[in-house]
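Okay, here's what each chain looks like letter by letter:
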Amino acid sequence: MLHLNDEELLADESFINYCLGHNEADIRKWNKIILDNPADAIRLDELRTIVLLTSQGIQNIALKNQIAELGRRIDLSEEEAVATTGSVYKSRSIWWTLMTAAACIVLITGTTIFYRLQKSTAPVASPLSYITKFAEKKSLVLPDGSKVILNAGSKLIVDAGFGKLDRKLQLDGEAFFDVVHDSSKPFVVQTSRMDVKVLGTAFNVKAYETDETSEASLIRGSVELSLKNEHRKVTLSPNEKYLLRADKTPGNIPAEVAPAAHEPASGLLPVRINKEDTAIVEVSWTQDKLVFVDEPFEELVKQLERWYGVKIEIADPLLKKIQLTASFRNEGIDDVLAALSFSKPFNFERKNDVIMIYK
Amino acid sequence: MRNDIRINHCWKDFVLNESRESYYELYKNYYAYLCYIGLKKGMGTETVKDTINDVFLYLWEKRKTLGHIQHPHNYILTFFHRSILKKIEQSGKIQGETIENIDEIHRHFTEPSIEENILDKENNKRLSMLVNRHLNYLPRQQREIMYQKFFLGLSYAEIAKANKLSVNTVYNTVYAAMQKLRSSLPARVVASLISACVAFFLIFS
C-alpha cells in the first residue's frame, strides 16, 4: 500500500509530472509503483484524472483571463489611435512648414529653459495607460512624484505632456491620489461626469462609467470639482465628499428602480467613518479592506464583482434595495456572502460561473 | 508538423483578413509556450504575462505590415526572445538558462495529447464542471501558481522564484487547493471504473 493520502499525491511533484507526461524518469517510476501496488491502481487512476482535469481547467481559465486583458488593451490602443489621427493635417504650404519650424524652435528653447528650471518633472511624451483587471489593484508613481492607487476594474490614462503645463489624467473607475504640491501646474482628473482639479492634496475618485453614482472624497488639502452636466463648480473641504447621481429623466424610471427616499441625492456629504477603527470608509480599499456602510445591496454587489472578479446576480428585486453594513479583510467571496446573509437573511448559490442571490 | 500548418493558416487569416478569431487562436497556441520560456529564463510571473501581451498587441497594431513574414513561428519566437532580453537587460539580471528541446516543448503544449479524450467520457464531463467551478474561485495569485504547476509543469522551486515566494508557501498553496478540490468531489470519482473492477474480480476469482 502507498503511504500517501490523496492530497499528498495531488500535490506531489513527481506524481504530477507523471500525470502530465512531463518527465521520463517520473513516468517510469509511477508505472512501476502502479504495478507493484495493484490495490492502489484505481485510486491512482482517479487522482490522475483529477490532475488532468485540473490541468485542462486551469489552462482554460488562464487563457480566458489573458485574452480578456489583451482585448482591453487592443480596444484602448484603437481608441487612442482614433484620437491621434484626428489631429493629423493633410495639406502643407511653405508657410505652414516655416511656421512649424519656428514653433519647434520656440518649443525647444522653451522646453530647455523649462527643463533647467524644473529638472524634477520631465513631461510624458505619449499617453500612458494603466489598467487593472477585476480582483486586481495597482500602485503607481506619476512622473511628478504623485502617488496613485488604482482600484480593480479601472483605467487611468496619463495625458501626453503630463507635467508640462498642467497635470491631466483621465479616469474610468476608482483611484486614490496623493498629489505632490505644485501650484504652477494644476492636477486634473477627468471622468465622464466630472473633473477634479487640485493643487496638492490627497483624495479619492470613484467614477466607474457603469455605476449609477460617481463620487470624489477629500482627505486633506482642497479640490475643485467641475460637474459636466450642470456646468458649475463645487469646492470640497477635508473630510467632505461629493456624490453625483447619474441623470435620469423622471418619466423613464420604472417604479421598482426609482431611488428610495433614504438614498442621498447628489450633493455634498461628510465622508463616512468606520465605527470599528475610525478609518475613513471611502479610502479603506487602499488598505485591502472592503467596508460598506448602509450600502444598497445592488451597489455592494457591483463592488464585490470587481473586488473578487466574479459574477453575481440578485434574483429578487426586493433584495436589491436592502442596506447592509459590514467590513472585511482578506476573506473569500463565500465567507463574505455567508457573513452578509447572517445580518440580512438571503440565500446564495453558484450556478455555473454566476452566484445567484435570492430570498 | 500538423501544428505548423495550423499556425500558418491562422497567421494568413489574421494578416490578410484581419481576423481577430485567428489572431486569438495564435495567441492560444503560443501563450503557454512563451510563458514557459519566460519563466524558465527566470522572469517573474507578471513580467512574462505583460511581455507576451506586449508582443501580441504589437502584432495586432502592425497587422497590415506583416504580409512579408514567411515563418510566423520563427518570427513570433524571435520577437518574444528579443523582448525578454530587453527586459532582462533592463532589470540587470542575467540568468540565461538554456532550454533544451525547445520545439519539442512547443509540440507538447499545443498538440492535443491522447489524454484529451478523457473529457469524452460522460462521467468526466460532470467532474470537469466541478473542477472548473472550484478553480474559478481561486484568488488571482493561487490561480497563477496552479497554472504553473498543473499546466506548465514547473517545479515548486521554479514557481517559488517566479512569484517571489518560498517553496514551502507554494507547496502549501497547491496542497490546500487540491485538498479543497478533493473534498468537493464525490468520494469515489470514477464510479464506472469500480464496477468494472468488481465485475473483473467476480469473473476471475
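The structure under discussion appears in the preceding block.
Residue numbering note: each chain is counted from 1, following its sequence as written. Here every chain gets a letter starting at A, and every ligand a number starting at 1, in the order they are written. Local features in a predicted model are, by the rule used here, given only for residues with pLDDT of at least 70; side-chain atom pairs are given and counted only at 80 or more, and totals for whole chains, interfaces and linings are based on all residues. Processing note: side-chain calculations cover all non-hydrogen atoms of the structure and skip hydrogens and water entirely.

1. Here's the deal with the sheet that holds strand S18 (residues 354-358) of chain A
Within a sheet, adjacent strands bond to each other through the backbone by hydrogen bonds, running parallel or antiparallel. Residue and element names in this part refer to chain A. Convention followed: When DSSP locates at least two bridges between a pair of strands, those strands are taken to pair. Under the DSSP-based scheme used, a helix requires at least four consecutive residues in state H or I and a strand at least two consecutive residues in state E, with every element numbered from the N terminus. Axes here mean lines fitted to C-alpha atoms, for a helix over just the part in contact, with angles spanning 0 to 180 degrees between N-to-C directions. In this description, contact between two residues means that some pair of their heavy atoms is separated by no more than 4.5 Å.
On the basis of which strands lie adjacent, the open sheet formed by three strands has the order S15-S18-S17 and mixed pairing. In this open sheet, the two strands that pair with only one neighbour each are strand S15 (311-314) and strand S17 (347-351). Strand-to-strand twist of the sheet, defined as the mean angle between neighbouring strand axes without regard to direction, takes the value 25 degrees. In this sheet, S18 lies alongside S17 in antiparallel orientation, the contact comprising five bridges. Its bridge partner lying in S18, Arg350 is registered against Ile355. Strands S15 and S18 of the sheet are contacted by helix H6 (residues 297-308), whose axis makes an angle of about 165 degrees with S15. Across the sheet, helix H8 (residues 333-343) is in contact with S15, S17 and S18; its angle to S17 comes to roughly 155 degrees.

2. Overview of the pattern of salt bridges
Applied cut-off: Salt bridges are identified by distance alone: a Lys or Arg side-chain nitrogen within 4 Å of an Asp or Glu carboxyl oxygen. Categorising residues by exposure relies on relative accessible area from a 1.4 Å probe, with only protein chains included: less than 20% of the type maximum marks a residue as buried, more than 50% marks it as exposed, and the intermediate range marks it as partly exposed.
Across all of its chains, the model carries 29 salt bridges over all chains by this definition. Note that Arg43 of chain A and Asp6 of chain A form a salt bridge whose closest N and O atoms lie 2.6 Å from each other. With Arg43 of chain A in helix H4 (residues 41-85) and Asp6 of chain A in helix H1 (residues 6-10), this pair connects stretches of sequence that are 37 residues apart. Classification of Asp6 of chain A as buried rests on a relative accessible area of 15%. Taking the shortest distance from any N to any O, the salt bridge between Lys233 of chain A and Glu224 of chain A comes out at 4.0 Å. Beyond isolated ion pairs, a larger network of salt bridges with shared partners links Glu136 of chain A together with Glu46, Lys49, Arg140 and Glu144 of chain B.

3. A short note on the interface of chain B and chain A
What counts is decided by this rule: Computed with a 1.4 Å rolling probe, the buried area is the accessible surface lost when two parts are put together, summed over both parts. Contacts described as polar in this section are N or O atom pairs within 3.5 Å, which, within protein, must combine one atom able to donate a hydrogen with one able to accept it, while residues neighboring in sequence count only if both atoms come from side chains. Side-chain classes follow a simple rule in which Ala, Val, Leu, Ile, Met, Phe, Trp, Tyr, Cys and Pro form the nonpolar group, Asp, Glu, Lys and Arg form the charged group, and the remainder, Gly included, forms the polar group.
Residue-level contacts link 57 residues of chain B with 53 residues of chain A. Between chain B and chain A lies a buried interface of about 5,100 Å² when both sides are counted; carbon and sulfur atoms form 62% of it. Summed over the three residues of chain B that lose the most area to chain A, namely Tyr137, Phe150 and Arg182 of chain B, the buried surface amounts to 14% of that side. In this assembly, chain B and chain A are joined by five salt bridges. The partner of Lys149 of chain B in a salt bridge is Glu13 of chain A, and the shortest N-O contact between them spans 2.9 Å. At the boundary of chain B and chain A, one finds twelve residue pairs in polar contact (both at pLDDT 80 or more). Those elements that provide at least two residues to the side of chain B that touches chain A are helix H2 (20-40), helix H3 (45-61), helix H6 (122-136), helix H7 (140-150), helix H9 (167-184) and helix H10 (191-204) of chain B. Among the residues making up the side of chain B that touches chain A, the classes are represented as 33 nonpolar, nine polar and 15 charged.

4. Looking at H6 of chain A
All names here are of chain A. Condition: What a helix is expected to span follows from its residue count: subtract one and scale by 1.5 Å.
With twelve residues, H6 should cover 16 Å at 1.5 Å per step; its first-to-last C-alpha distance of 16 Å lies within 8% of that length. When you tally the buried positions in H6, you get ten out of twelve residues, the bulk of the element. Listed as buried for H6 are Phe297, Glu299, Leu300, Val301, Gln303, Leu304, Glu305, Arg306, Trp307 and Tyr308. Taken from the residues just after H6, Gly309 is the one with a positive phi, measuring 65 degrees.

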